[in-house]
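So you can see what is in the structure, the chains are spelled out below.
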Amino acid sequence: MHYGRCSSTSMKNCWILIMRRTKRKRGTSPVLEQKEVTEGAEQNSKSISKHEKPKFVKPNPKEKKQQEEYQCWLMKSEPDTRIEKGMDMKFGIEDLMAQPSQTACWDGVRNYQARNFMRVMKIGQEAFFYHSNCKEPGIAGIVKIVKESYEDHTQFDPKNPHYDASSSPENPKWSMVDVQFVRKLKRYIPLAELKKLHLNDKSSGGPLRNIALFTRARLSVQPLTQDEFDFILKLEDQKEV
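Residues numbered from 1 in each chain as written. Predicted model: local features only at pLDDT ≥ 70, side-chain atom pairs only at ≥ 80, totals over all residues. Heavy atoms only, no water.

1. So, the pattern of salt bridges
Point 1. Scanning the model with the defined rule gives eight salt bridges in all.
Point 2. Its salt-bridge partner being Arg183, residue Glu236 comes within 2.8 Å of it at the nearest N-O pair. A residue pair is termed long-range when its members are at least 10 positions apart, and Glu236 in the segment after helix 8 (226–234) and Arg183 in strand 7 (residues 175–190) qualify at 53 residues.
Point 3. For Glu236, a relative accessible area of 7% corresponds to the buried category.
Point 4. Take Arg183: its relative accessible area is 29%, and that puts it in the partly exposed class.
Point 5. One salt-bridge network, in which partners are shared between bridges, spans Glu78, Arg82 and Glu84. (Salt bridge = Lys/Arg side-chain N within 4 Å of Asp/Glu carboxyl O. Helix = DSSP H or I, 4+ residues; strand = E, 2+ residues; numbered from the N terminus. Buried < 20%, exposed > 50% of the residue type's maximum accessible area, 1.4 Å probe, protein only.)

2. Observations concerning unusual backbone geometry
Point 1. Even without being glycine, Lys85 reaches a positive phi, approximately 55 degrees.
Point 2. Residue position: Lys85 is located in the loop between strand 2 (83–84) and strand 3 (87–88).
Point 3. Not every positive phi belongs to a glycine, and Gln102 is a case in point at roughly 50 degrees.
Point 4. The residue Gln102 is located in the loop between helix 4 (93–97) and strand 4 (103–105) in this model.

3. Thoughts on the confidence of the model for the chain
One rule of thumb: low pLDDT means the predicted coordinates there are not for detailed reading.
Point 1. Summary statistics for the chain give a mean pLDDT of 83 and a share of 72% for residues scoring 70 or more.
Point 2. Predicted confidence for residues 1–38 stays below pLDDT 50, and this span has six contacts to residues more than four positions away or in other chains. (pLDDT = per-residue confidence, 0-100. Contact = heavy atoms within 4.5 Å.)

4. Considering the packing of aromatic side chains
Point 1. Counting across every chain of the model gives seven aromatic pairs.
Point 2. Relative to Phe129, the ring of Phe91 has its centre 6.4 Å away and its plane inclined at 35 degrees; by these criteria the two rings are tilted. Highlighted residues: Phe91 in the loop between strand 3 and helix 4 and Phe129 in strand 5 (residues 126–131), separated in sequence by 38 residues.
Point 3. Of the aromatic side chains, those joined through ring pairs into one cluster are Tyr70, Trp73 and Phe117.
Point 4. The positively charged end of Lys147 is found above the aromatic ring belonging to Tyr150, 4.0 Å away from the centroid. (Phe/Tyr/Trp six-rings, centres within 6.5 Å; stacked < 30°, edge-to-face > 60°. Lys NZ or Arg CZ within 6 Å of the ring centre and 35° of its normal.)

This is the structure in structure tokens:
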């Protein structure tokens, strides 16, 4: 189109026509444009919603079933004197035997996984009393659960080494159970012996191949399978390997 041949009025009309055509070529129809805006808003909304909503972690059926199957335990305590905040943290198997009815609360657990294990303990279940943080760590005897999980009172006591300022009576974080002395083992089973057996069983597929004492070593309360518990119990009648 030659703009020079248009009059001023025609030129104006030409410009309008050109602009309209240009818009049609470069833009979109009002309906399509509105649709894109709507879809974009929906997409942004989905993106934000996905971002803001906490992820739901589906429980692992195998892990849940395994936890329900735990019947035996290993519970660690310190048999030697260690002063913390003016309080002696010592509590060996002899200290339990000296308690009224040879029964005591198992307080001071401050690990969530260990706490959760205590929360599924049942009355009558047995646990190995394990001496930790000492010259020769190992299993000293057997205790049984006589009271199921309840609030650990030490979390509210500012003078106690296990005090937790973030916990409150309205929303307590920590739990404990009561245990009762059953008996000492015929012989003390040291950690070193258990480690040898564990390493051997890892390659041979033996009963201690997955024992929590080495796969979850930091936990003060650990689950044991019935096979693990029975195998260790038989060691008391054998010479140290």
